[in-house]
Structures are given as structure tokens and as C-alpha cells.
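# Structural description and commentary
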Amino acid sequence: MTPARRHRRDVEDLLRENAPRVLAAVVRRFGNFADSEDAVQEAMIDAARQWPVEGTPESPVGWLIAVASRRMTDKIRADSARRDREERLAVEPEPGPSAEADDTLALIFMCCRPELSPASAIALTLRAVGGLTTTEIAAAFLVPETTMGRRIARAKQTVAEADEPFGLPVPEERAERLRAALGVLYLIFNEGYAASEGPDLARTELSGEAIRLTRIARLALPEEPEVGGLLALMLLTDARRPARTDGAGELVPLDEQDRSLWDAAAIAEGSRILAEEMAKGAVGPYQLQAAIGLAHDRARRAEDTDWAEILALYGLLEQVAPGPMVALNRAVAAAMAEGPEAGLELLTEVEPRLEGHHRVHAVRAHLLELAGDGRAARAEYSRAAELTASLPEQRYLTRRAARLSAGGA
Amino acid sequence: MKFMLLQHYGRVEGNVPPISEWNPEDVQAHIQFQKDLNAELRERGELVEAQALTGPDLAKIVLATDGAPAVTDGPFAESKELLAGWRMVDVESEERAIEIAALASEGPGPDGAPLRQAIEVREVMSPIEP
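Since the structure is predicted, the reported quantities are computational estimates derived from the model, not experimental observations.

Cut-off values and rules
- Per chain, residues are indexed from 1 in the order of the written sequence.
- Each chain takes a letter, starting from A, and each ligand takes a number, starting from 1, following the order in which they are written.
- The predicted nature of this model means local features are confined to residues of pLDDT at least 70 and side-chain atom pairs, given and counted, to a pLDDT of 80 or more, with totals for whole chains, interfaces and linings taken over all residues.
- Each side-chain value is worked out from all heavy atoms of the structure, with water and hydrogens disregarded.
- Helix and strand definitions follow DSSP, with helices as H or I runs of at least four residues and strands as E runs of at least two, each counted in order from the N terminus.
- Note on exposure labels: buried denotes an accessible area under 20% of the residue type's maximum, exposed denotes more than 50%, and partly exposed covers the range between, all computed with a 1.4 Å probe on protein chains only.
- By definition in these notes, contact holds between two residues if any of their heavy atoms fall within 4.5 Å.
- How far a helix is expected to stretch is found by multiplying one less than its residue total by 1.5 Å.
- Bend is the name given here to the angle between axes fitted to two runs of seven residues, the run ending at a residue and the run starting at it.
- We call two N or O atoms a polar contact when they sit within 3.5 Å, provided that within protein one can donate a hydrogen and the other can accept it, with sequence-adjacent residues counted only if both atoms are side-chain atoms.
- Summed over both partners, the accessible surface that disappears when two parts come together, traced with a 1.4 Å probe, is what is meant by buried area.
- We count a salt bridge whenever a side-chain nitrogen from Lys or Arg sits within 4 Å of a carboxyl oxygen from Asp or Glu.
- The term disulfide is used for any two cysteine sulfur atoms that are within 2.5 Å.
- Two strands make a pair as long as DSSP finds a minimum of two bridges between them.
- To obtain an axis, a line is fitted to C-alpha atoms, over the contacting stretch when the element is a helix, and the angle between two such axes runs from 0 to 180 degrees between their N-to-C directions.

Turning next to the overall build of chain B. Broken down by element type, chain B carries 2 helices and 6 strands. The order of α-helices and β-strands along chain B, N terminus first, is β-α-β-β-β-β-α-β. For chain B, the spread of C-alpha atoms along the three principal axes comes to 50 × 45 × 20 Å. Counting every position in chain B, which comprises 130 residues, the buried fraction comes to 35%. Contacts in chain B between residues at least 24 apart in sequence constitute 73% of all its contacts with a sequence separation of at least 6.

Written out as C-alpha cells, the structure is:
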């Protein structure tokens with residue numbers, strides 16, 4: 001890389017890291033989320049153009065806030081309807097320093113409002129808090145840039161219409177808003193983690209981004225164990241990523257993964273964070289899912305997995321966050337801990353709630369294979385393959401079925 | 001979730017003549033309808049792609065045997081089965097995809113009457129494991 005290119009790349013990284021801080025300062029000062037976001041974007045474009053030529057300023061964040069603020073006041077002056085606010089601004093004191101984590105968290109809450117669709121909240125969070133460009137986000141989700149641009153603009157409009165003052169949600173709304181925010185962060189993580197195809201580096205960076213933002217949220221909300229629980233879950237899941245796909249990019253099931261490829265440092269950190277959170281007493285679904293992840297990650301070999309513990313954890317998870325998918329996973333754990341018949345029995349119980357869902361067939365196939373009924377298993381794998389909408393999963397199920405045809409269980 | 005909304009030639013209810021035989025105002029109205037629908041979907045952040053294909057008389061069917069292609073030129077007896085065009089949309093649910101397909105299904109035909117075209121709705125397989 002030439003020095004000029006390196007400098008441009010450094011500038012890009014600097015801008016991205018500082019985007020939320022700058023946005024938070026401008027929103028706090030001027031109150032208008034949509035216009036502030038535009039102004040900050042424009043300031044960043046100016047910076048990306050000027051700094052590589054003129055050098056990075058002494059205080060990059062100060063520079064960006066000043067330029068964005070100037071755009072805002074210009075816009076306010078041009079807009080006669082806002083004259084009142086301009087007069088108010090003249091007497092308002094300078095906002096004091098605020099912890100960076102608090103600001104980022106406030107932005108996350110803003111962008112993850114429950115009335116936004118998941119896709120819209122994801123796009124807006126990546127843009128306003130993650131500092132990704134519309135181009136990058138569009139590429140990550142395989143959507144044209146103009147379409148993604150409109151999606152983000154509409155999301156900003158929805159946030160602006162909610163007209164919530166900048167800061168944390170009021171206590172009555174906190175639990176629901178936190179749930180929505182953590183849900184969006186987890187979706188972003190999954191979008192990145194589960195991408196197993198092609199040269200989509202933009203996608204795999206999404207997991208890193210989700211982890212980064214969740215870390216910041218945890219800094220700002222140390223009293224909420226589920227934030228740390230989610231972070232632990234992400235780290236313990238991401239740790240397995242290097243072993244998740246084979247040389248051809250195909251999915252490798254957990255029991256066949258080369259565990260020497262797992263990221264030991266991520267597992268250690270996830271384990272430590274989980275222990276800290278669980279010590280606080282209120283155990284929620286993310287912590288439980290993280291504990292299940294840890295039970296897998298701790299096993300040196302697949303056969304060392306403590307399935308009894310995992311079964312117990314799924315039992316707890318079903319109490320805390322019941323749902324057919326959890327019940328399905330519990331059926332698998334029961335089969336592993338107590339034998340395939342136990343799992344198949346649980347499966348029959350949950351099946352009515354999941355009429356025709358491909359996962360029921362996939363799980364039944366797996367359990368039938370464990371029980372030694374290769375022919376029935378093959379039929380279930382094939383059926384699951386017909387019903388899934390996931391291409392990597394379809395190929396995995398098809399191969400599983402073929403394995404049984406070729407000389408069978 | 002991404003969905004393909006596929007339009008085939010033959011799936012129009014009733015005896016509607018091909019668009020080449022409509023009067024110009026009706027043709028213009030139909031074209032404008034498609035443009036407007038695309039613009040709305042783009043504005044809503046839902047449109048991924050919209051394409052029209054060249055006519056069935058220009059279609060070719062290729063079948064290879066040991067590397068040697070046998071090419072059959074249109075027009076075909078099965079022209080009705082051929083694709084006229086498609087939209088790919090990125091939406092929150094199958095319900096929304098069906099809603100959009102319903103809009104596309106009733107674009108204006110001769111004398112402005114709704115065309116009632118059967119649109120095939122297919123989810124696009126996702127590159128990620130759920």
C-alpha cells in the first residue's frame with residue numbers, strides 16, 4: 001500500500017470509530033436526528049477528502065463536530081420556521097463532556113426503536129452507530145445502493161417523528177427498548193457470522209461490528225446482565241467460526257469441527273464475561289444461550305460434551321424464554337443426553353406448534369439417524385432440504401441424505 | 001427476505017390480446033404503471049431489481065449434447081410458459097411480497113381494465129444459515 005493510500009485508510013478508520021461520538025454531540029446540541037445525521041455524513045465526506053491532502057487535524061472529533069454544527073446552523077438559518085429554536089440556541093450552555101459509551105448507547109437505543117422493522121433498524125444502526133457507508137451496507141445485504149439509501153432515510157424519518165430527546169429511554173420503557181436493541185445487535189451478529197459464501201468480507205465484518213457495539217453497550221450498562229450475556233454469546237459463537245466451513249465453503253456440523261481451530265482467547269473472554277454476569281443473579285435468555293455455547297466450547301472433543309448440562313440449560317431456557325425453537329433444541333439435547341427415543345418423544349410434543357417447518361424434519365432426521373433408522377432419516381433430511389430457504393443449510397441436508405443412501409446407517 | 005415476482009406470458013386471465021395490439025394510450029398507461037410501481041418500491045427501500053425480457057419470438061432454447069449446443073429459435077408452441085420479466089424485492093415477510101404481487105397483477109390493460117396477470121412468487125434462497 002502506498003503511503004497516500006495508507007493515510008486515506010487511516011482517515012477512514014478514524015472517521016468510522018468517531019462517527020457515533022460526533023453524531024451524539026450534534027444531536028444533543030440540535031435535537032434533530034435526521035438532519036444531524038445528514039450533517040455528520042457531510043462533515044465526514046469533507047474530512048475524507050481534505051485530511052489526506054491537508055493532514056489530520058489536532059482534534060479530529062472537534063473538527064467534525066464544528067463542521068457538522070456549522071452545517072446545522074446554516075440550515076436552521078435558512079429555515080424560517082426554526083427561527084425560534086435558533087434564538088433558544090444562542091442562550092443554551094455548551095453541553096458538558098459525556099462518557100463516549102453512554103452516547104453510543106443512546107444512539108443504539110435511537111436506531112433500534114421497536115417500531116422500526118428489523119431490516120431498517122439494522123441498516124440505520126450500521127450507518128449511524130457503526131459508521132458504515134450506505135455503499136458498504138448495501139453490499140453486505142445485496143441490495144442496490146439507492147434502495148438501501150431510501151431504507152435508511154425512511155428509518156431516520158421514523159426516528160425523527162418519534163421526537164425522543166437524546167439520551168436513555170425513560171425507566172418505564174427501558175426493558176422493552178433494551179430488548180429491541182439487543183435483538184438488533186444479535187441480528188447483525190448473525191448476518192455476519194452465518195455468511196459462509198463468497199468474497200463477502202463486508203458480511204463477516206458485521207459480526208465484529210456487532211461485538212464492538214455490544215462491548216460499548218456493556219460499558220454503559222454494567223448493571224444489565226443480559227448485555228454481557230449477549231456479548232458472551234457472540235464471543236463464544238464467533239470463536240467457532242474458523243472451523244465452521246470446510247475448504248469448499250460448505251457447513252461443517254459441530255460434532256465434526258476441528259476444534260483446534262476454535263479461538264481459545266475468545267472462548268476464555270466469553271467464559272469470563274459470562275461468569276461475571278451470572279454472578280449478578282438475574283439469569284436471562286442470552287446468558288443461558290451463552291452458557292450452552294460455553295458447554296460446547298469447553299469440550300475438547302465432541303464426545304466430551306456435557307449434554308446433561310446442556311439439557312438442563314435448555315430446560316431453564318424454556319422457562320425463561322419459551323418457544324418452539326427452544327423446544328426443538330431441547331429435544332436434540334435430550335437425545336444426546338438420554339438416547340434418541342427421549343428426543344423423538346419431545347419432538348412429537350413440539351411438532352404441532354411448528355407445522356411443516358423444515359427444522360422439525362431436520363431434527364427428526366438427525367434423531368432417526370442417531371437411532372439407527374437410516375432409511376427414515378434420509379426421507380426426513382430430503383423433506384427438510386425441500387422446505388428450507390437457506391442455501392448452505394439445503395446443501396448440508398442434501399449431503400446428509402446422500403450419505404445415508406450411499407451405504408447407509 | 002428476498003422474493004422473485006415472476007411474470008409469464010400466458011398467465012393473464014381472459015382473452016387479452018398481446019400488448020403490441022393495444023392502442024397507444026393503453027400501452028403508455030401500462031408502462032407508466034410499471035414505472036410508478038418500481039419507483040414506489042424503490043422509495044420504500046424494497047426494490048432489488050426489475051427487468052423486462054425481450055419478446056418470446058427472440059427467445060432461444062439451448063440443449064447441449066456432449067458439448068454441442070442444439071439451439072431452437074422462437075416462436076415456440078410453449079411461448080405462454082416463457083418469462084416476460086420479473087421483480088426481485090427485499091421485504092419483511094411473505095405477506096408483503098404477496099401484497100406487492102397483487103399490485104403488479106392488476107396493472108392496466110386495454111381500456112384501462114385490470115390485466116389480472118398471475119404472478120409467480122418465489123422466495124430467493126438466502127446465503128446465510130438461519
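From this point, things continue past the structure.
Another aspect to go through is helix α2 (residues 33-54) of chain A. Residues and elements named next belong to chain A. Under the 1.5 Å per step criterion, the end-to-end length of α2 is 30 Å for 22 residues, consistent within 8% with the ideal 32 Å. At Ala48, α2 shows its largest bend, some 25 degrees, and a proline, Pro52, comes one to four positions later. Among the residues of α2, the N-terminal cap falls to Asn32, whose side-chain oxygen and the backbone nitrogen of Ala34 are separated by 3.3 Å. Count one or two residues on from α2 and you reach Gly55, which has phi positive near 95 degrees.

Accessible area lost when the parts come together is the quantity often used to give the size of an interface. If you look at the interface, chain A gives 28 residues, while chain B gives 18 residues. With both chains or domains summed, chain A and chain B bury close to 1,800 Å², and 53% of this area falls on carbon and sulfur atoms. At the surface where chain A touches chain B, the tally comes to 3 salt bridges. Between Arg151(A) and Asp90(B) there is a salt bridge, with the nearest N and O atoms lying 3.0 Å from each other. Between the two partners, chain A and chain B, sit 11 residue pairs in polar contact (both at pLDDT 80 or more).

Turning our attention to the side chain of Arg174(A). Residue and element names in this part refer to chain A. Relative to the elements of secondary structure, Arg174 occurs in helix α9 (residues 171-193). Within the structure, the side chain of Arg174 is placed 3.4 Å from the side chain of Glu224, a separation counted as a polar contact. Once residues lying within four places of it in the same chain are set aside, the contact partners of Arg174 are Leu168, Pro169, Leu221, Glu223 and Glu224.

In this section: the side chain of His8(B). All names here are of chain B. Relative to the helices and strands, His8 is located in strand β1 (residues 2-12). In terms of polar contacts, His8 uses its side chain to reach the backbone carbonyl oxygen of Glu81, at 3.3 Å. Looking at His8, its side chain comes within polar contact range of the side chain of Glu120, at 2.8 Å.

Our next topic: the state of the cysteines. Residue and element names in this part refer to chain A. This model, assessed by the stated rule, comprises 0 disulfides over all chains. No disulfide involves Cys111; its nearest neighbouring cysteine sulfur is the one of Cys112, lying 6.4 Å away. What makes Cys112 buried here is its relative accessible area of 2%.

On to the sheet that holds strand β6 (residues 117-123) of chain B, then. Strand pairs in the sheet, formed through backbone hydrogen bonds, run parallel or antiparallel to each other. Residue and element names in this part refer to chain B. Across the sheet, which stays open at both edges, the 4 strands sit in the order β2-β5-β1-β6 with antiparallel pairing between neighbours. Since the sheet does not close on itself, it has two edges, and those belong to β2 (47-52) and β6, each with one partner. Going across the sheet, the axis of each strand differs from the next one's by a mean of 20 degrees, ignoring polarity. With 7 bridges connecting them, β1 and strand β5 (residues 83-90) associate as antiparallel partners. From the neighbouring strand, Lys2 faces β5, where its bridge partner is Asp90. Contacting β1, β5 and β6, helix α2 (residues 94-105) runs over the sheet at an angle of about 155 degrees to β6.

With that settled, consider the pattern of salt bridges. By the definition in use, this model includes 43 salt bridges over all chains. As a salt-bridge pair, Glu303(A) and Arg301(A) come within 3.6 Å of each other at their nearest N and O atoms. Given a relative accessible area of 60%, Glu303(A) falls into the exposed group. The residue Glu46(B) makes a salt bridge to Arg44(B) at a minimum N-O spacing of 3.2 Å. One continuous salt-bridge network, built from bridges that share partners, spans Arg113(A), Glu115(A), Glu164(A), Glu173(A) and Arg177(A).

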